[in-house]
Every structure is written in C-alpha cells, then in structure tokens.
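An overview of the molecular structure
Residues per chain, in single letters:
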Amino acid sequence: MVYCRRNIDTNSLKNTSELFENNNSSTFDFLELSKTQRIYGFVGCVAAGFAISIVGGILFTTGNVTSFALLYTIGVLVSLVGTGFLIGFKRQLELMFKPVRLIATIVFISSIVLVFISAYVIGSDALVLVFAVTTYLAYIWYSLSYIPFARDLVKRMAGAIF
C-alpha cells in the first residue's frame, strides 16, 4: 500500500472537520470494533435504512400511505443509528445542534414527525409526499455542512439555474 501525505492548512478546515474529531470513541465501544468494522456498521445501517425506505416507497405507490410513513420513519432512524458506529450518539447530537446546522436539523426532524402526522392523523397523501421530500432535502443540506464550501457551491449552482 502506498500512502500519500499532503501538507494542508487544517486551521481553515477546523469548523468543517468536526465529524472526525475525537472519533476514537463511539457508542459501540463495548463491542470493541475496529475502525473498519465501524465503517461497515455505518454503511450497513445507511443501506438498510435506504432499503426499508424504498420498500415504503413501493407501498406508497400502491396506495398504502400509512405503511409508507411507518417504514419511511424506521428507515430514517436506522440510517441515523449508523452514526453511532462512527462518532457516537452524544457527539452526533452535539454536531446536529451547532448553529451552522440548526435550521437544517430542525427542518429534518420536523419533517420526519410531519410525515407520520400527515399519514396517521391528517390522512393526506400529498402532505406525506411533500414532507418526505422535505426530509431528504433537509438531510442533504445538513450533510453538505460537513463538506468544505459545499453549501456555497450548491447555492451558486442554484443561482445560475434559477
């Protein structure tokens, strides 16, 4: 294996590399998993969550909106459990509620709750779909906050299109 080292000014990336700070501990430390196993756990949870959400999406197209809402919510939660493998739940919550991510986090969590309410209380297929899409968009915006200059790039691209 060949390793490449580069000299980078890490001070400029300090705010965006928070995800990887103190990643030696995890919620799952008691399992004594290696870093590779933790990454596999993360990827596995994200894949399983996505698969569960896809099954829910199939049920949505057949008109079973309440099952979609349930499976969609479970899928999102399983995906979020994956972060426990990487950084732990406490650290994830700390990062989620930092000022740079606060609005995206609130929209994300609210949209998940509103998907459930729209399906089980209101019974509106259209609202379920709107809030499910909003959840994904909020998650993308939240995730972009961890990549240096990604939000700025997306804003410029959107400005050029619209």
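Note that the structure is a prediction, hence the values are computed from the model and not measured.

Once that is clear, we can look at the overall build of the chain. Helix and strand content of the chain: six helices and zero strands. Walking the chain from its N terminus toward its C terminus, one meets helices and strands in the order α-α-α-α-α-α. Contacts in the chain between residues far apart in sequence, at least 24 positions, make up 65% of those at least 6 positions apart. Taken as a whole, the chain presents about 10,700 Å² of accessible surface, with 70% of it coming from carbon and sulfur.

Before going further, it helps to spend a moment on helix α5 (residues 125–144). In this model, α5 (20 residues) spans 29 Å end to end at C-alpha, consistent with the 28 Å of a helix rising 1.5 Å per residue. Residues of α5 that are buried: V128, F131, A132, T135, A138, Y142 and L144.

Below, the discussion takes up the packing of helix α1 (residues 35–61) against helix α2 (residues 65–86). Two numbers describe how α1 lies on α2: the axes approach to 7 Å, and their chain directions differ by 170 degrees. As far as their axial angle goes, α2 and α1 are roughly antiparallel. Counted by class, the contact of α1 with α2 contains 20 nonpolar, 10 polar and one charged residues.

All chains considered together, the criterion is met by one salt bridge. A salt bridge links R91 to E94, with the nearest nitrogen and oxygen atoms 3.5 Å apart. Of this pair, R91 and E94 are both found in helix α3 (residues 89–96), three residues apart, which corresponds to roughly one turn of the helix.

Here we come to the packing of α5 against helix α6 (residues 150–161). Viewed as axis vectors pointing N to C, α5 and α6 meet at an angle of 130 degrees, and their least axial separation amounts to 8 Å. As far as their axial angle goes, α6 and α5 are oblique. The residues of α6 that touch α5, namely those facing W141, Y142 and L144, are A150, R151, V154 and K155. Its residues placed into classes, the contact of α5 with α6 shows five nonpolar, no polar and two charged.

Tallying each qualifying case throughout the model produces six aromatic pairs. Taken together, a centroid distance of 5.5 Å and an interplanar angle of 35 degrees make the contact between F108 and Y139 tilted. Here the residue F108 occupies a position in helix α4 (residues 102–122), and Y139 occupies one in helix α5, the gap between them amounting to 31 residues. Judged by its relative accessible area of 6%, F108 falls in the buried class. Taking the relative accessible area as the measure of exposure, Y139 reaches 33% and is therefore partly exposed.

Let us look at the confidence of the model for the chain. Note: predicted coordinates in regions of low pLDDT should not be interpreted at a detailed level. Looking at the chain as a whole, its pLDDT mean stands at 81, while 81% of the residues score no less than 70. No element of the chain has a lower mean pLDDT than α3, which averages 84, and none a higher one than α4, which averages 93. Taken as a whole, residues 1–23 scores under 50 in pLDDT and shows 18 contacts with residues more than four places along the chain or in a different chain.

A positive phi angle is found at F149, which is not glycine, with a value near 65 degrees. Secondary-structure assignment places F149 in the loop between α5 and α6.

Procedures and definitions
- Residues numbered from 1 in each chain as written.
- Predicted model: local features only at pLDDT ≥ 70, side-chain atom pairs only at ≥ 80, totals over all residues.
- Heavy atoms only, no water.
- Helix = DSSP H or I, 4+ residues; strand = E, 2+ residues; numbered from the N terminus.
- Contact = heavy atoms within 4.5 Å.
- Areas by Shrake-Rupley, 256 points an atom, 1.4 Å probe, with all protein chains shown as cover.
- Expected span 1.5 Å × (residues − 1).
- Buried < 20%, exposed > 50% of the residue type's maximum accessible area, 1.4 Å probe, protein only.
- Axes fitted to C-alpha atoms, helices over the stretch in contact; angles between N-to-C directions.
- Parallel < 35°, antiparallel > 145°, perpendicular 65-115°, else oblique.
- Nonpolar A, V, L, I, M, F, W, Y, C, P; charged D, E, K, R; others polar.
- Salt bridge = Lys/Arg side-chain N within 4 Å of Asp/Glu carboxyl O.
- Phe/Tyr/Trp six-rings, centres within 6.5 Å; stacked < 30°, edge-to-face > 60°.
- pLDDT = per-residue confidence, 0-100.

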